[in-house]
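Structure assessment
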Amino acid sequence: MPIKLQTTKVFQDLLNPNFRNYVFQGSSRAGKTYNIVLWMVINILNQEDKVYSIVRKTLPSLKGSVLRDLKEILIKLNLYDSNKWHSVDGYVEIGSNIIEFFSLDTEEKIRGRKRDICFINEATEITYDEYIQLSLRTSERMILDFNPSLWQSWLYDMEQQEDTLYTITTYKDNVFLPQQQIEEIEKLEHRDPNLWRVFGLGQKGIPTRVVFSHQQYYDELPREAKLLGLGIDWGWSDPCTLVRVYKHNDNIYCEELLYLRNVTIPDFIYKIKDLGINLTDDFICDSSNPQAIAELSRNGINAKPVKKDTILSGIDQIKRNNFFVHSNSQNLISELNSYVWKNDKNGNNLDEPEDKNNHIIDPIRYILQMKVMRNTGTYVY
């Protein structure tokens, strides 16, 4: 029985053989990644002894997004064979061809491989030099996709290159998108106009110095809110902090519990226990201090190291929700008012926040990255 393929404009653009680079800038749920992977699978079926590469900055992000699409497509096309899917070595066999997948966490991975086609997923995560090194080792096509969450990037310059097909897509180009997801995206128009530009309209965001400006305040936690976990950031001269995060639908509720300078780990443990909170709840900790995490565990606290993603992805997760802060969380409120993007020498915002005024904000990111992004995939775009 013939298989009916549901494709979008992205797939159709890839049928055009006349370009070296294919760049897809777009909103959330525009179908960019899925249709690129679908095209790669369909295309490689007619080839022999080819190597196609799927690349992303970090391995957890690669596994949580594009590899799911690859496996789903192979299953739908009756091409999936568990004996030919080599997850440890990072490739799948399709006839005499392979589609490999790897992250860019070591120099050897960037400079040591050759391929026929390279797909860079979420290309804003990599540097221009990393792109060049991948391109030099790719004989045919470079394919890149990204959400334009950065207001300055080498990617935007590619739009002017003659050898590049540069396409801007939005969720409206994906006619297969469920209505519930459409409504989720369209909520951004009123929640955060800048996020709406990026994830709704597929356009570059407008720079503002303060990272967060959509926070609201609450006094009483809704009964429907469920605890995600507690987050810990380590410090000495900088504060050692503890924050509690709840979630209900599109709302996150954050409450500062501890904000202590010049405190030892035993004293910090004493302060945690003195709060009278449930020590078996998940305490997601900054992974930079494994000795402190082990000491918390020995004292009956369910402490876990965060598996960090990028700072920008964590910021994005906070921005995608209605962000409620307990009115008594004065240090958190102060941090949110002072947490800003770095500036270059000309006063332009850089795509990196200043590494200060973030001692409670960071553990909020840790919780969302561990409890929302990884476990449910709900907010991974």
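Owing to the predicted nature of the structure, the values given are computational and were not obtained by experimental measurement.

1. Notes on helix α4 (residues 66–76)
Three or more residues of α4 are buried, namely V66, L67, D69, L70, I73 and L74. For α4, the angular spread of buried residues about the axis comes to 155°, placing them on one side. Backbone geometry just after α4 places N78 at a positive phi near 55°.

2. Things to note about the state of the cysteines
Note on terminology: disulfide describes a covalent bond linking the sulfur atoms of two cysteines. Under the definition given, this model contains zero disulfides. The structure places no disulfide on C254, whose sulfur is separated from the nearest cysteine sulfur, that of C285, by 16 Å. Of the residues examined, C254 reaches a relative accessible area of 0% and is grouped as buried. Looking at the unpaired C285, the closest cysteine sulfur is the one in C240, lying at 9.2 Å.

3. Brief notes about the sheet that holds strand β12 (residues 251–260)
Taken in spatial order, the seven strands make up an open sheet running β9-β15-β12-β11-β10-β13-β14, and their pairing is mixed. The open sheet is flanked by β9 (215–218) and β14 (303–305), the only strands paired with a single partner. Taking each pair of neighbouring strands and ignoring which way they run, the sheet shows an average axis angle of 30°. As paired strands, β12 and strand β15 (residues 322–326) are joined by four bridges and run parallel to one another. Bridge assignment links N251 to a residue of β15, and that residue is N322. Each of β9, β12 and β15 touches helix α14 (residues 330–338); the most contacted strand, β12, lies at about 110° to it.

4. What about the confidence of the model for the protein chain?
In the predicted model, the protein chain carries a mean pLDDT of 91, and the fraction of residues at 70 or more is 97%. This model gives residues 374–381 a pLDDT under 50, and the stretch forms 30 contacts once residues within four places in sequence are excluded.

5. Structural notes on the side chain of N121
Note that N121 resides in the loop between β6 (115–120) and α6 (128–136). Overall, N121 belongs to the buried group, its relative accessible area being 2%. Among the polar contacts listed, one links the side chain of N121 to the side chain of R56, at a separation of 3.4 Å. Residues in contact with N121, not counting those within four places in the same chain, are T33, V55, R56, S65, V66 and D145.

6. Points about unusual backbone geometry
Phi at N78 is positive, roughly 55°, even though this residue is not glycine. Along the polypeptide, N78 turns up in the loop between α4 and β3 (85–86). A positive phi angle, close to 55°, is found at N357, a residue other than glycine. Relative to the assigned elements, N357 resides in the loop between β17 (349–353) and α15 (361–373).

7. Looking at the sheet that holds strand β7 (residues 138–146)
One open sheet holds the eight strands; their spatial order is β3-β4-β5-β2-β6-β7-β1-β8, and the pairing between them is mixed. Each edge of the sheet is formed by a strand with only one pairing partner; in this case those strands are β3 and β8 (164–169). Note that strand β1 (residues 21–26) and β8 share six bridges and pair parallel. In the sheet register, Q25 faces β8, and the bridge partner there is I168. The strands touched by α6 within the sheet are β1, β2 (51–56), β5 (97–103), β6 and β7, with β7 carrying the most contacts at an inclination of about 145°.

8. What about the packing of helix α2 (residues 32–44) against α4?
The contact between α2 and α4 brings their axes to 9 Å, and the two run at 50°. In terms of axis orientation, α2 runs oblique to α4. Judged by the twist between their axes, the crossing of α2 over α4 is right-handed. From α2, T33, Y34, V37, L38 and V41 reach across to α4, where they touch V66, D69, L70, E72, I73, L74 and K76. Here the contact of α2 with α4 is composed, by residue class, of eight nonpolar, one polar and three charged.

Conventions used here
- Residues numbered from 1 in each chain as written.
- Predicted model: local features only at pLDDT ≥ 70, side-chain atom pairs only at ≥ 80, totals over all residues.
- Heavy atoms only, no water.
- Buried < 20%, exposed > 50% of the residue type's maximum accessible area, 1.4 Å probe, protein only.
- Helix = DSSP H or I, 4+ residues; strand = E, 2+ residues; numbered from the N terminus.
- Arc of directions from axis to C-beta.
- Disulfide = S-S within 2.5 Å.
- Pairing = 2+ DSSP bridges.
- Axes fitted to C-alpha atoms, helices over the stretch in contact; angles between N-to-C directions.
- Contact = heavy atoms within 4.5 Å.
- pLDDT = per-residue confidence, 0-100.
- Polar contact = N/O pair within 3.5 Å; in protein donor to acceptor, adjacent residues only side chain to side chain.
- Parallel < 35°, antiparallel > 145°, perpendicular 65-115°, else oblique.
- Left-handed = near helix turned anticlockwise from the far one by under 90°.
- Nonpolar A, V, L, I, M, F, W, Y, C, P; charged D, E, K, R; others polar.

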